[in-house]
Amino acid sequence: MIKGVIFDLDGVLVSTDELHYAAWSQLAKMIGITEFNREDNQRQKGVSRMESLEIVLEKGEKCYSDAEKVLLANMKNDIYVNLLTDLDQEAVLPGAVEILMRLKKLEIKIGIGSVSKNTPIILEKTGLITYIDEVSCGLDITNSKPDPEVFLVAANKLGLQPKECLVIEDSKAGIIAARAAEMRSLAVGPEHKKLDADYCSESLSNELDWNLLLG
Ligand code: G6P
Ligand code: MG
């Protein structure tokens, strides 16, 4: 019996995955990398800022020191945070609020499990924070997905056992992390069929069988 749902943030509740892509694309161009594309970006989903940078740098010839890599990651984050300036409830993906309201009515606890260190600002700006019981994010963990840490911290904060939690994710790293945490998983988004989750749906706005998902 599921007592809590742990949502990934970028690409599940909000469209910020597109802003990450825009910011990495801009950084790649600034350092002369023209080959960075959506396929590379797909691999960045769910993984940390520094690991995401490595995926960009694979496409170039140049080697950077650790200190230079930190500067590059900071540059990307500055671009990204700037793109977040105008973020509001319009960025919330279709079906998300309806599901959060339904879960509240059912007295299912709601958690966030996101590797992003920008999670608090995104939850505030979109107004999603009002629905969330506990947040586990990049500021709480040392290992990014596919390590299960971010979901285990979320379950712990919610006061639930892993087997009582359902994870909703759009990334391969996230579904692997949910399995490693021994949590049930629902994959959403463009790659939903490829992700080897327990259940999948193109979008949160599609009809979902909550008896099955929570049973
Ligand atoms: C999420 C996104 C990743 C991003 C990571 C770190 O997991 O899916 O694409 O790299 O967060 O985000 P941050 O906002 O801390 O740079
Ligand atoms: Mg995601």
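Please refer to the structure higher up on the page.
Residues numbered from 1 in each chain as written. Chains lettered and ligands numbered in written order. Predicted model: local features only at pLDDT ≥ 70, side-chain atom pairs only at ≥ 80, totals over all residues. Heavy atoms only, no water.

1. Quick notes on the overall build of the chain
Here's step 1: The number of helices and strands found in the chain is nine helices and six strands.
Here's step 2: Based on the C-alpha atoms only, the size of the chain along its principal axes is roughly 50 × 35 × 30 Å.
Here's step 3: Counting every position in the chain, which comprises 215 residues, the buried fraction comes to 53%.
Here's step 4: When contacts within the chain are restricted to residue pairs at least 6 apart in sequence, long-range pairs at least 24 apart make up 62% of them. (Helix = DSSP H or I, 4+ residues; strand = E, 2+ residues; numbered from the N terminus. Buried < 20%, exposed > 50% of the residue type's maximum accessible area, 1.4 Å probe, protein only. Contact = heavy atoms within 4.5 Å.)

2. Quick notes on the pairing of strand β1 (residues 4-7)
Here's step 1: Because side chains alternate across β1, one face comprises the buried residues Gly-4 and Ile-6, and the other comprises Val-5 and Phe-7, equally buried.
Here's step 2: In this sheet, strand β2 (residues 109-113) lies alongside β1 in parallel orientation, the contact comprising four bridges. Counterpart to Gly-4 in the pairing with β2 is Lys-109.
Here's step 3: Relative to strand β4 (residues 165-169), β1 runs parallel, the two sharing four bridges. Paired with Ile-6 across the two strands is Val-167, which belongs to β4. (Pairing = 2+ DSSP bridges.)

3. Thoughts on the coordination of the magnesium ion (ligand 2)
Here's step 1: The protein atoms that coordinate the magnesium ion (ligand 2) are Asp-8 (OD), Asp-10 (O) and Asp-170 (OD), at distances spanning 2.0 to 2.2 Å.
Here's step 2: All donor residues of the magnesium ion (ligand 2) come from one chain, and their arrangement in sequence is D-x1-D-x159-D. The same class applies to Asp-8 as to Asp-10, namely buried. (Donors = N, O, S within 2.8 Å, 3.2 Å for Na, K, Ca; no water.)

4. Observations regarding helix α7 (residues 149-158)
Here's step 1: Taken together, the buried positions of α7 are Glu-149, Val-150, Phe-151, Ala-154, Ala-155 and Leu-158.
Here's step 2: Those residues of α7 that are buried lie in contact with β1, β2, β3 (134-136), β4 and α8 (172-180).
Here's step 3: Downstream of α7 by one or two residues, Gly-159 has phi in the positive range, about 75°.

5. Focus: the sheet that holds β4
Here's step 1: Here six strands make up an open sheet; going across it, the order is β3-β2-β1-β4-β5-β6 and the pairing parallel. Whereas interior strands pair on both sides, the edge strands pair on one side only; in this sheet they are β3 and β6 (199-200).
Here's step 2: Two elements, strand β5 (residues 184-187) and β6, share two bridges in a ladder whose sense is parallel. Counterpart to Ala-187 in the pairing with β6 is Cys-200.
Here's step 3: Here helix α5 (residues 96-105) sits on the sheet and contacts β1 and β2; the angle it forms with β1, its principal contact strand, is near 155°. (Axes fitted to C-alpha atoms, helices over the stretch in contact; angles between N-to-C directions.)

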